[in-house]
Amino acid sequence: MRVVTTAQPLDVQPTPLALLLLGREADPKSERGVECPGDLPAPSDPDLVERARAAKAKLGDKVFVLGHHYQRDEVIEFADVTGDSFKLARDAAARPDAEYIVFCGVHFMAESADILTGDDQQVILPDLAAGCSMADMATAEQVAECWDVLTEAGVAEQVVPVSYMNSSADIKAFTGKHGGTICTSSNAKRALDWAFEQGEKVLFLPDQHLGRNTAVRDMGMSLDDCVVYNPHKPNGGLTAEELRAAKMILWRGHCSVHGRFSLDSVNDVRARIPDVNVLVHPECKNEVVAAADYVGSTEYIIKALEAAPHGSKWAIGTELNLVRRLANRFAAEDKEIVFLDKTVCFCSTMNRIDLPHLVWALESLAAGKVVNRIEVDKETESFAKLALERMLALP
């Protein structure tokens, strides 16, 4: 006999994060769910390049355009300087005469530029929806709750927060307020060495992989010294005993691009390309980093390929725009450079900055209209700058 039951309606309320993902809500402090106002030129407009050149020429020294390594070639063409997130923020701070800083990157990068530049300078993000999934994985409310958990476990006074540059201004401010510092992928070990001189434990935000790889690969810790705090579980999914025993408390965050690379990717490329050098970013998983020949930041990757001998072979584990640009750049030197994974994967949020958005931003500025300004409030800026200054003071 078949029993038929009548389903009762469930009283389930969507979470704020779910509403953001569905595009039904907006949060000005989030990296997502923000619309870009204005009438953009059509992407098929054949005059876009000339329009960008004309607007930039009209603005002259009033504008300084920054281009992150992961940007499209069509955008990089108009960048005055290129680099990783922190290099670009420092480059912006070194140009106090530029009235407008147009940051072709993502939201947290533009925030850092606003923190480090003068009050009379205005930072522009061509598309406000260009966010970062990693930065989204740690909100101010979640981190405050984590600190409460650490306090209840009796370990908060021993913990020094270290936050990756790839975090929101709110997280940087929390870090500065609680005696911590910021790090980049190139100085993470120096930041952790400093932190362990200040306390017995580190809360590493928001990328678990960079924190784990630095602790284990560069500092000689074991995987058992690391625990992962999951903000979506009660008490982070950890017991008080686990928190007391851990040296590294890693936030459960990751990069959606670098997290795609796997040990299978490494094994596959070694089988396909004899004598290949595997070079990956430290945001990759620990097993990928352990299997690679070289590990380093985007700047390290570029310099390694510049110094590589003619005819060498390389599989690169980082964002595809950069890998493709490097492959084209060094083709004349007979350097074979391939993407580590067979699946094509751009940074989807970084790719929101395209030529139509850049043209719209530049033409608006040339017409005297400031669009998409990124402005960090003074209290947040004060504590975030404190954390950044601690990083700048690292030996």
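Just so we're clear, the structure is a prediction, and the values are computed from it rather than from any experiment. (Residues numbered from 1 in each chain as written. Predicted model: local features only at pLDDT ≥ 70, side-chain atom pairs only at ≥ 80, totals over all residues. Heavy atoms only, no water.)

Section: the overall build of the protein chain
The line we're drawing: Secondary structure elements are taken from DSSP: a helix is a run of H or I of four residues or more, a strand is a run of E of two residues or more, and numbering for both begins at the N terminus. Partly exposed residues are those whose accessible area sits between 20% and 50% of the maximum for their type, while under 20% is buried and over 50% is exposed, using a 1.4 Å probe and protein chains only. Any pair of residues with heavy atoms lying within 4.5 Å of one another is described as a contacting pair. The protein chains shown are the only cover counted for residues, whose accessible areas, like all others here, come from Shrake-Rupley with a 1.4 Å probe.
A tally of regular secondary structure across the protein chain gives 17 helices and 14 strands. Per-residue burial over the protein chain gives 55% buried out of 395 residues. In the protein chain, 67% of the contacts between residues at least 6 apart in sequence involve partners at least 24 apart. Surface summary for the protein chain: the accessible area is close to 18,000 Å², and the carbon and sulfur share equals 49%.

Description of the packing of aromatic side chains
Rule in force here: Each Phe, Tyr or Trp ring, with Trp reduced to its six-membered ring, pairs with another whose centre is within 6.5 Å; inter-plane angles below 30 degrees give stacked pairs, above 60 give edge-to-face pairs, and intermediate values give tilted ones. Only when the NZ atom of a Lys or the CZ atom of an Arg is both within 6 Å of the ring centre and within 35 degrees of the ring normal do we say a charge sits over the ring.
The final tally for this structure, using the stated rule, is four aromatic pairs. Aromatic pair Y229 and W251: ring centres 5.2 Å apart, planes at 25 degrees, arrangement stacked. Separated by 22 residues along the polypeptide, Y229 in strand β8 (residues 226-229) and W251 in strand β9 (residues 248-251) bring together distant segments of the chain. Just as Y229 is buried, W251 falls in that class too. Between the aromatic rings of F261 and F339, the centroid separation amounts to 5.4 Å while the plane-to-plane angle is 65 degrees, which identifies the pairing as edge-to-face. You can see F261 sitting in the loop between β9 and α12 (263-272) and its partner F339 sitting in strand β13 (residues 336-339), a full 78 residues away along the chain. Judged on exposure class, the residue F261 and its partner F339 are both buried. The ring of F64 has R95 lying over it, and the distance from NZ or CZ to the ring centre is 4.2 Å.

Let's talk about the side chain of N213
Heads up, the condition is: Whenever two N or O atoms come within 3.5 Å, that pair is a polar contact, provided that in protein one can donate a hydrogen and the other can accept it, and provided that, for residues adjacent in sequence, both atoms are side-chain atoms.
Within the secondary structure, N213 sits in helix α10 (residues 208-218). For N213, a relative accessible area of 2% puts it in the buried group. A polar contact of 3.0 Å, which involves the side chain of N213, links it to the side chain of N286. Discounting residues that sit within four places of it in the chain, N213 has contacts with D218, P282, C284, K285, N286 and V289.

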